[in-house]
Amino acid sequence: MQRIPILKMGPFLLVTIQVDLHDRLVMALQDDLTNMVSKTGARGVLIDISSLDMVDSFIGRMLGGIAAVTRLMDAQTVVVGMQPAVAITMVELGLDLPGVLTALNVERGMELLRSRLGLVREMAHDIDTKA
Amino acid sequence: MATQITRLLMERKEKLLQIWMEGQVSELSLRLDRMTSQDLYRQSKEFVDAFVAAVASGNVEDLNRHEWEPVRRMLVQISVSRSHQGFSPTETANYIFSLKEVLIRLIQSELNNQIDVFVQEFIPLSRVLDKLGLITFDSYTRAREEIIIRQQQEMLELSTPVIRVWDGILALPLIGTLDSGRTQVIMENLLRGIQDTNSDVAILDISGVPTVDTLVAQHIMKTVSAARLMGAECIISGIRPEIAQTIVQLGVDLSMVKTRASLAGALRLAYEMRKLTVVPAGKG
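For clarity, every value in this text was computed on a predicted model and none was experimentally measured.

The rules behind each value
- For every chain, the first residue of the written sequence is number 1, and numbering continues from 1 along that sequence.
- Chain letters and ligand numbers both follow the written order, the letters beginning at A and the numbers at 1.
- Local features are withheld for residues below a pLDDT of 70 in this predicted model, meaning they are given only at 70 or higher, and side-chain atom pairs are given and counted only at 80 or more; totals for whole chains, interfaces and linings count all residues.
- The basis for every side-chain value is the complete set of heavy atoms in the structure, and neither hydrogens nor water enter the calculation.
- Pairing between two strands is assigned when DSSP locates at least 2 bridges connecting them.
- Strands here mean DSSP runs of E at least two residues long; helices mean DSSP runs of H or I at least four residues long; both are numbered from the N terminus.
- Structural elements are reduced to axes, namely lines fitted to C-alpha atoms, with helices fitted over the stretch in contact, and the angle between N-to-C directions of any two is expressed from 0 to 180 degrees.
- The rule is simple: take the accessible area with a 1.4 Å probe, protein chains only, and divide by the maximum for that residue type; under 20% is buried, over 50% is exposed, in between is partly exposed.
- Handedness rule for crossovers: strands pointing away from the viewer, path from the first strand over the helix to the second running clockwise, crossover right-handed.
- What makes two residues a contact is simply this: any of their non-hydrogen atoms within 4.5 Å.

Bringing the sheet that holds strand E1 (residues 6-9) of chain A into the picture now. Residues and elements named next belong to chain A. What the five strands build is an open sheet, ordered E1-E2-E3-E4-E5; its pairing is mixed. Two strands in the sheet have a free side with no partner beyond their single neighbour: E1 and strand E5 (101-103). Pairwise comparison of adjacent strand axes, ignoring direction, gives a mean angle of 25° for this sheet. Across five bridges, strand E3 (residues 44-48) lies against strand E4 (residues 76-80) in parallel orientation.

In structure tokens:
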């Protein structure tokens with residue numbers, strides 16, 4: 001069965017959705033992500049949905065669900081790169097994902113996660129000491 | 001079947017055109033600023049040529065046949081251009097109806113005593129001219145409607161500009177009554193603007209919105225939610241005292257949304273959110 005790859009980047013997990021999502025695939029993603037969070041102790045999950053141009057109510061709800069589950073496991077989820085059309089559909093469906101962080105793109109999403117987790121100073125410190 | 005009238009038309013084409021032109025020019029004398037008499041002459045000559053050719057084909061019954069195709073096409077073109085030039089519907093339809101009048105007079109003077117020929121042969125021709133008049137009217141109206149629809153769309157676009165105030169900060173001054181059609185355009189424009197300019201702060205200024213009811217408030221909330229889903233934060237500004245009161249009286253909960261009384265306040269907040277400071281010159 002098709003799976004969505006989950007990449008580990010430092011304290012974060014990066015999920016880039018490149019295929020059309022269907023119900024089974026999202027459920028598998030939720031399973032994989034929760035396992036991965038517990039295995040790696042990741043502090044943040046970044047889901048890039050910029051190549052997704054259609055979302056139905058089930059997938060919208062699952063995105064919210066993934067965020068809620070990972071938060072229980074102490075990992076902050078940020079959804080990035082939502083297309084305008086997808087955002088409109090989600091709002092029309094009444095799925096405005098309360099409690100889920102959002103960002104314009106992967107870069108901003110990473111920044112957001114770092115600042116949320118108080119990792120900014122450490123990073124800055126790293127750069128300072130290296131310089 | 002070369003009837004008497006057909007023959008007459010072919011022989012007297014030049015005269016017909018001449019009388020028709022005289023009639024049109026005297027009628028249109030005020031309108032010649034919209035088109036020159038040379039243009040009118042060229043147009044009318046082409047039309048008379050096509051018309052006489054079509055009548056000469058012998059078919060004066062069915063305008064959908066190919067003999068009439070050039071006439072119909074020409075007429076549609078003329079009506080469309082007249083509607084663009086600002087002629088009134090009557091003036092446009094008169095183009096054909098004045099030809100009919102000229103025809104009657106010409107035929108009458110040539111076929112002096114032959115009333116029965118006149119009746120027999122002119123009635124089908126008259127019917128054709130009436131149908132042509134209807135085609136004129138139809139294409140005129142259609143062209144007008146197209147203009148109106150285009151203008152409506154342009155107004156929608158014009159009335160909802162998305163302005164880049166600073167790197168990563170957009171402003172949308174909303175002006176006029178917000179109905180569901182406009183709010184949809186506003187939402188789409190804003191979201192597209194967010195994506196195109198990579199902005200994460202958007203200011204929705206409602207100073208120019210005369211009234212806010214529950215529906216408008218709901219639309220604004222939807223827009224704010226959609227922008228948030230994309231990763232941008234909205235600030236609503238320009239909330240006048242009356243509007244603030246109405247919002248509270250309506251029981252609309254805007255506590256989740258950042259609001260400011262003025263655009264200046266919203267700008268200040270936006271700069272803060274982007275960690276920017278404005279410093280007076282010389283004090284840097």
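Before going further, it helps to examine the pairing of strand E3 (residues 201-208) of chain B. Residues and elements named next belong to chain B. Of all eight residues in E3, six are buried; the element is thus mostly enclosed. The pairing of strand E2 (residues 169-175) with E3 spans six bridges and is classified as parallel. Bridge assignment links Ile175 to a residue of E3, and that residue is Gly208. In this region the chain leaves E2, passes through helix H7 (residues 180-197) and returns to the parallel neighbour E3; the handedness of that crossover is right-handed. Sheet topology places E3 next to strand E4 (residues 233-237); five bridges connect them, and they run parallel. Along E4, the bridge assignment pairs Asp205 with Ser237. Between the parallel elements E3 and E4, the chain passes through helix H8 (residues 214-230) in a crossover that is right-handed.

Our next topic: the environment of Val209(B). Residues and elements named next belong to chain B. Tracing the chain through its elements places Val209 in the loop between E3 and H8. Along the backbone, Val209 and Pro173 are 36 residues apart, and their C-alpha atoms lie at a distance of 9.3 Å. Once residues lying within four places of it in the same chain are set aside, the contact partners of Val209 are Leu174, Gly176, Leu178, Arg240 and Ile243.

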